[in-house]
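Chain by chain, the residues run as shown.
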Amino acid sequence: MARIAYVNGRYQPIHRPAVPVEDRGYQFADGVYEVMKVVGGEPRDLDRHMRRLRRSLDGLGIRMPMSPPALEAVIRETLRRNRLKEAVVYLQVSRGAAPRNHLYAATLKPSLVVTVRRAGLPSAKEWAEGVAVVSLPDERWARRDIKSISLLPNSLARQKAKDRGAREAFLVDGDGCVTEASASNAWIVDRNGTLVTHPLGHGILGGITRERVLEEARAAGIPVEERRFTLDEAKAAREAFLTSTSSFVLPVVRIDDAPIGNGHPGETTRRLQGLYAEAAGLHPRFHQGT
Ligand code: PMP
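The rules behind the values
Residues numbered from 1 in each chain as written. Predicted model: local features only at pLDDT ≥ 70, side-chain atom pairs only at ≥ 80, totals over all residues. Heavy atoms only, no water. Helix = DSSP H or I, 4+ residues; strand = E, 2+ residues; numbered from the N terminus. Rg over C-alpha atoms; globule rule 2.2 N^0.38 Å. Buried < 20%, exposed > 50% of the residue type's maximum accessible area, 1.4 Å probe, protein only. Contact = heavy atoms within 4.5 Å. Areas by Shrake-Rupley, 256 points an atom, 1.4 Å probe, with all protein chains shown as cover. Lys, Arg positive; Asp, Glu negative; His and termini not counted. Charge placed at Lys NZ, Arg CZ, Asp CG, Glu CD. Salt bridge = Lys/Arg side-chain N within 4 Å of Asp/Glu carboxyl O. 1 Å grid on protein atoms, 1.4 Å probe; cavity = no way out; pocket = protein on both sides within 12 Å on 5 of 7 lines; lining within 4 Å. Points joined across faces, edges and corners; volume = space filled by probe spheres on them. Nonpolar A, V, L, I, M, F, W, Y, C, P; charged D, E, K, R; others polar. Near = heavy atom within 4 Å. Polar contact = N/O pair within 3.5 Å; in protein donor to acceptor, adjacent residues only side chain to side chain. Sits in = over half its atoms within 2 Å of the grid points.

## Description of the overall build of the protein chain
- Looking only at helices and strands, one finds eight helices and 15 strands in the protein chain.
- Taken over the C-alpha trace, the protein chain has a radius of gyration of 19 Å; the compact-globule value for 290 residues is 19 Å, and the two agree within 12%.
- Dimensions along the principal axes, computed over C-alpha positions, put the protein chain at roughly 55 × 40 × 35 Å.
- Across the 290 residues of the protein chain, 51% fall into the buried class.
- Looking at the protein chain alone, contacts between residues at least 24 apart form 71% of all its contacts between residues at least 6 apart.
- With the model as given, the accessible surface of the protein chain reaches about 14,000 Å², and the carbon-plus-sulfur share is 51%.
- One finds the centroid of the 44 positive side-chain charges in the protein chain at a distance of 6 Å from the centroid of its 34 negative side-chain charges.

## Side note on the pattern of salt bridges
- Tallied over the full model, the rule gives 26 salt bridges.
- Salt-bridge contacts for arginine 210 lead to glutamate 226; the nearest nitrogen and oxygen are separated by 2.7 Å. Here glutamate 226 lies in strand E12 (residues 224-226) and arginine 210 lies in helix H6 (residues 208-219), a separation of 16 residues in the sequence.
- Bridged by salt links that share partners, the residues Asp45, Arg48, Glu211, Arg212 and Glu215 form one connected network.

## Topic: the layout of surface pockets
- Considered as a void within the structure, the largest pocket measures approximately 1,100 Å³ in volume.
- Lining the largest pocket are 50 residues; nearest its centre among them are Tyr33, Lys147, Leu151, Ser182 and Ala183.
- When residues of the lining of the largest pocket are traced back to their parent elements, those giving at least two are strand E3 (31-39), helix H2 (46-60), strand E5 (87-94), strand E6 (111-118), helix H5 (152-163), strand E9 (178-181), H6 and strand E13 (239-244).
- If one sorts the elements of the lining of the largest pocket by residue count, H5 sits on top with four residues.
- Partitioned by chemical class, the residues of the lining of the largest pocket number 19 nonpolar, 18 polar and 13 charged.

## Observations regarding the site of the ligand
- The immediate surroundings of the ligand are formed by 18 residues, with Arg52, Lys147, Glu180, Thr209 and Thr245 found nearest.
- Between threonine 209 and the ligand, the recorded distance is 2.6 Å, taken from a side-chain N or O atom to an oxygen atom.
- Threonine 245 places a polar side-chain atom, nitrogen or oxygen, 2.6 Å from an oxygen atom of the ligand.
- Protein burial of the ligand: of its 390 Å² of free accessible surface, 93% is covered by the chains.
- Taken atom by atom, the bulk of the ligand overlaps the largest pocket.
- Of all the secondary structure elements, the ones that give two or more residues to the shell around the ligand are E9, H6 and E13.
- Class assignment of the residues belonging to the shell around the ligand gives a composition of five nonpolar, nine polar and four charged.

See below:
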């Protein structure tokens with residue numbers, strides 16, 4: 001069965017041309033997106049994703065293409081037409097189509113595309129044994145809190161990481177601090193056993209998984225600090241991990257040539273893997289950090 005996409009009011013086979021050549025998303029990367037996880041047919045954290053979508057759109061001065069309830073209906077209908085219950089939803093809003101010009105009119109009608117695909121879950125090996133990351137300079141723009149479709153620096157970094165045999169890239173700013181990873185938030189457990197991640201602000205994307213993991217950690221009494229940390233501190237940390245909608249809580253066991261802790265996923269990471277998996281209703285294979 002061909003996958004069905006929602007494109008500006010129509011449900012149609014995903015490969016059918018649908019977006020105008022002069023869509024500003026295509027020509028200027030002038031748009032934002034969201035990625036949501038669907039478990040048992042239910043989109044998770046829909047309200048949080050909608051809030052972040054609105055924040056991203058406000059940041060660029062683009063209108064919401066429709067109300068959040070109407071958007072939810074489109075997401076559910078796209079899932080239904082694709083007969084998917086375990087899935088990932090991709091939703092993209094661009095400023096709209098207009099003759100190519102850096103300047104744009106406030107009256108443009110935003111374009112909306114929604115696609116869904118089967119969830120690509122972390123492998124049992126990655127989940128249990130952890131992954132390697134490499135450090136790379138953070139070459140993105142200064143508004144990383146906006147979930148912009150302009151992902152070229154992220155994509156180049158992720159590819160470089162893969163070419164070097166790593167799963168992800170820790171991105172390092174001009175002060176030597178790790179902001180986040182190319183498609184996930186970055187965490188460490190420091191020498192004092194405190195869970196540390198970069199604070200919110202313009203420097204990182206406020207991940208929904210990050211938000212969830214912070215809540216789980218605080219509820220479990222794990223000491224938490226939202227502060228900046230350097231690459232050197234990360235390499236000397238007891239533990240490190242990544243969070244994102246599609247890879248959940250993924251242990252990091254090596255940064256460049258440095259093994260993290262004893263080179264195996266740490267205790268706090270395992271605990272958070274289990275807490276997050278249970279709270280998110282993930283398949284039991286994810287409940288234990290084993
Ligand atoms: N940072 C970046 C740069 C990302 O692209 C993502 C995921 N798309 C995240 C963090 C994690 O966000 P979330 O937990 O909402 O998936």
